[in-house]
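Residues per chain are reported as follows:
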Amino acid sequence: MGMVHIKTDTDIAAMREAGRVVAQVLTRAREVAAVGVTPRRLDEAAREVLSGAGASSPFLDYKPHFAPTPFPAVICVSVNDAVVHGIPSAEPLRDGDLVSVDAGALLGGWAGDSAVSFTVGEPRPEDTRLITAAEEALAAGIGAAVVGNRIGDIAHAIGTVCRDAGYGILEGYGGHGIGRSMHEDPSVPNEGRPGRGMVLRHGMVLAIEPMLLAGGLDEFRHDEDGWTLRTTDGSRASHAEHTVAITDEGPRVLTAL
């Protein structure tokens, strides 16, 4: 476990401004998304919002150790069996597609990170259930993000919702601390034991992000692009994420509109 950076109330207020831009990006992407529209068009719309807000993207040109190439877009657009890290493609969205959009913003030296999943066209009932479960898991995780609790309490709250609904949880991936950079310590697993792990204190800021796999398996495969993670059984996936400040007054969602 590395260094956890505690934020001041002033820092959190600045992160709220970055978070608001992220919310605007996701709102715009969702407005633009429709049958026949390409994920690349969503990325263009996201760039317009960032530019208009005077913000930049922590995703663009990001290159972690596993990636063969820098990420070429400002948002991730993961469709159907793609779980996360989808590169926005020129393939038009089809009726009933399940779309997960993950967005970040850097504003005034602070980062925000959030994700939303939705369907375009006529939704399948099973996709609606999957999306709702991810949102409920996120809400449960946020609810556990209180001073005096532990990281394991967040993980347990998320995992309980996912498993009770019969879904898989993306193996080896979870949430993370966030601040001056998009990924900071600590890591925030999507499953775990309550009462374990680091104690939560005022000024910690976490990106909490359940990733649910409809088929019930936890495993994934990497796409040829080296970025996109897909379910191994071809089942669909959903992703929900907010940046959350832990405060003495309770959890504060920084990436709401």
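Residues numbered from 1 in each chain as written. Predicted model: local features only at pLDDT ≥ 70, side-chain atom pairs only at ≥ 80, totals over all residues. Heavy atoms only, no water.

A. Quick peek at the sheet that holds strand 14 (residues 250-253). Read across the open sheet, the five strands follow the order 7-6-8-13-14; overall the sheet is antiparallel. Edge positions in the sheet fall to strand 7 (184-188) and strand 14, since each has one partner strand and no second. The mean angle between the axes of side-by-side strands here comes to 30°, regardless of whether they run parallel or antiparallel. Sheet topology places strand 8 (residues 205-208) next to strand 13 (residues 242-247); four bridges connect them, and they run antiparallel. When the bridges of strand 13 are listed, Ile208 appears paired with His242. (Pairing = 2+ DSSP bridges. Helix = DSSP H or I, 4+ residues; strand = E, 2+ residues; numbered from the N terminus. Axes fitted to C-alpha atoms, helices over the stretch in contact; angles between N-to-C directions.)

B. Just helix 4 (residues 151-164), in detail. In this model, helix 4 (14 residues) spans 20 Å end to end at C-alpha, consistent with the 20 Å of a helix rising 1.5 Å per residue. Residues of helix 4 that are buried sit in contact with helix 3 (125-143), strand 5 (168-169), strand 7, strand 8 and strand 9 (211-213). Once helix 4 ends, the next one or two residues include Gly166, with phi positive near 85°. (Expected span 1.5 Å × (residues − 1). Contact = heavy atoms within 4.5 Å.)

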